[in-house]
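# Architecture and fold: a report
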Amino acid sequence: MYSEENFRGLRRVYRGNLGISDIDSVLTGIESLRFFSTNPFATLVLFDRSRFRDNFVVLRGNRSIRELDDFLRRGDVESLIASNERLTLAQIRRIRRTGNLPPGYRLI
């Protein structure tokens, strides 16, 4: 994760299954990111509200997003889930409804 667009600025690397409930709390805001996993079904979920709420986009496999703010049509990315495994739509909707991540996930 990078604090500036185009993979520049401060950088932080996270490993494992995790959820970031408020992107602005990491690096004073995440502007770009690289998502890598050896699992082709790894899941990156981007939400347009904090605490995994409202509209979301599901991405599978490796991704490089140069400008996170312009990625969602309905607004900026405010929270995200990064998983090395496949998350189903039912699991994602449950997270959105309850705000709770599955067992084994870290909350940041």
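Scroll up to find the structure this text is about.
Residues numbered from 1 in each chain as written. Predicted model: local features only at pLDDT ≥ 70, side-chain atom pairs only at ≥ 80, totals over all residues. Heavy atoms only, no water.

Going through the model one piece at a time under the given rule, you end up with 3 aromatic pairs. Between the aromatic rings of Phe47 and Phe52, the centroid separation amounts to 5.8 Å while the plane-to-plane angle is 65°, which identifies the pairing as edge-to-face. Grouping residues by exposure puts Phe47 and Phe52 together as buried. Assessed through its relative accessible area of 0%, Phe47 is described here as buried. (Phe/Tyr/Trp six-rings, centres within 6.5 Å; stacked < 30°, edge-to-face > 60°. Buried < 20%, exposed > 50% of the residue type's maximum accessible area, 1.4 Å probe, protein only.)

With mixed pairing, 5 strands are arranged side by side in an open sheet as β6-β5-β8-β3-β9. In this open sheet, the two strands that pair with only one neighbour each are β6 (53-60) and β9 (106-107). (Pairing = 2+ DSSP bridges. Helix = DSSP H or I, 4+ residues; strand = E, 2+ residues; numbered from the N terminus.)

What follows deals with a negative patch on the surface. A surface patch of like charges, here negative, comprises Glu4, Glu5, Asp22, Asp24, Glu67, Asp70 and Asp76. Topologically, Asp70 is positioned in the loop between β7 (63-65) and β8 (79-83). The class of Asp70 is exposed, set by a relative accessible area of 55%. (Patch = residues over 30% accessible without salt bridge, like charges linked within 9 Å, V, L, I, M, F, W, Y side chains within 5 Å. Areas by Shrake-Rupley, 256 points an atom, 1.4 Å probe, with all protein chains shown as cover. Salt bridge = Lys/Arg side-chain N within 4 Å of Asp/Glu carboxyl O. Lys, Arg positive; Asp, Glu negative; His and termini not counted. Charge placed at Lys NZ, Arg CZ, Asp CG, Glu CD.)

These values are about where atoms sit, not about what they do.
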